[in-house]
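# Secondary and tertiary structure notes
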Amino acid sequence: MAEDQYTMIKRRQQIEADYFANLSKDDVLSSISSIDITTIDLCNRDCVFCPRHDPKVYPNRNLYMTAEGAALIGAKIATLNYTGTIAISGFGENLLNPEIIGIIHELRKANPNAYIEANTNGDPLDLDMFRALRDNGLDMLNINVYDGPEQVDTFDAMLEQAQGYRYRIHYDPADYGIIFNNRSGLIDWIPSEPKDVAGSPCYMPFYKMMIDWNGDVLFCANDWGRERIVGNLFQQSIADVWMSKEMQKVRMRLSKGNRNFSPCKTCNVKGTLVGEPSFNLLMEHYNANRSNR
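Residues numbered from 1 in each chain as written. Predicted model: local features only at pLDDT ≥ 70, side-chain atom pairs only at ≥ 80, totals over all residues. Heavy atoms only, no water.

## Re the overall build of the chain
- The helix and strand tally for the chain stands at nine helices and nine strands.
- Whereas a compact globule of 293 residues would reach a radius of gyration of roughly 19 Å, the chain reaches 19 Å, a difference of no more than 12%.
- When its C-alpha atoms are laid out on the principal axes, the chain stretches across 60 × 40 × 35 Å.
- Across the chain, contacts joining residues at least 24 apart in sequence account for 73% of those joining residues at least 6 apart.
- Summed over its atoms, the accessible surface of the chain is roughly 13,300 Å², and 50% of this surface lies on carbon and sulfur atoms.
- One finds the centroid of the 30 positive side-chain charges in the chain at a distance of 9 Å from the centroid of its 38 negative side-chain charges. (Helix = DSSP H or I, 4+ residues; strand = E, 2+ residues; numbered from the N terminus. Rg over C-alpha atoms; globule rule 2.2 N^0.38 Å. Contact = heavy atoms within 4.5 Å. Areas by Shrake-Rupley, 256 points an atom, 1.4 Å probe, with all protein chains shown as cover. Lys, Arg positive; Asp, Glu negative; His and termini not counted. Charge placed at Lys NZ, Arg CZ, Asp CG, Glu CD.)

Take a look at the structure:
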């Protein structure tokens, strides 16, 4: 199975629709439909559409989450009775993390009903690792194909065409199979500019929680510069971080299309392709609290 930027967005929209259709409760923390986790701040590639293409802008650092840290985060997520997506994604090549199998194991043990997926460039992958990831609870491995179509045959042969992986095609320079994202301004050659989305709302901080390798929570998954750290899940609860005053301040600005603050003012992400149900849920909460004062 292969997908491009269009089929990926459609899939995410369907996952979101299914998530909200099956919710048994309607509280503000239900707005978290996706949790992204960076498990390592290191990558072996330097793709032109990634800030790591320039080590002066984004240097590699061999800093990574441990299985023990994942157990702490998994326990915090479990307080939500979470049925959304946990994406092992973020700012590095997660299969380079020496504890990645343990991380998947701990997240799955704590959250049996979550959908857990992971992204990889496939370079560190072999059949034994794939089987270990699946055996420890990974639902889907997203393999980003960067070098050419011949890689698909190579991976199919390696993985014996098993279940539980799909391809994202990123080797065509025409569009690299992605909706171009300037990583909150860290990439300067992307054709779409921040002015193209100025004045429009963004739903990203309404539905997606971004957790870094050290437990830090960033206000947005596109904050590659780590400019706005709103909490730390090794030390705080999900509720305290997600419903913090800082997150509310950012959300209220973005709800009105105000992107005139860093790093949003240099970001070119449209931000409304996914997340509207979460946006509506949180705005109803904020408006209700304001009217009750």
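Back to the text.
## Side note on unusual backbone geometry
- Cis geometry is adopted by the peptide bond preceding Pro 263, which originates at Ser 262 and carries an omega value of 0°.
- In this structure, Gln 161 is a non-glycine residue whose phi angle is positive, near 50°.
- Take Gln 161: it is sitting in the loop between helix H5 (150-158) and strand E6 (165-169).
- Among the residues examined, Gln 161 registers a relative accessible area of 58% and is labelled exposed.
- Positive phi, close to 55°, is recorded for Arg 226, a residue that is not glycine. (Buried < 20%, exposed > 50% of the residue type's maximum accessible area, 1.4 Å probe, protein only.)

## Points about the sheet that holds E6
- The strand order across the open sheet formed by nine strands is E1-E6-E5-E4-E3-E2-E7-E8-E9, and the pairing between neighbours is mixed. Of all strands in the sheet, those with a lone pairing partner are strand E1 (2-3) and strand E9 (229-232), marking the two edges.
- Looking at chain direction, strand E5 (residues 140-145) and E6 are connected through five bridges and run parallel. By the bridge assignment, Val 145 is partnered in E6 with Ile 169.
- Taken strand by strand, helix H3 (residues 100-110) contacts strand E2 (34-37), strand E3 (85-88) and strand E4 (115-120), and its axis lies near 170° from that of E3. (Pairing = 2+ DSSP bridges. Axes fitted to C-alpha atoms, helices over the stretch in contact; angles between N-to-C directions.)

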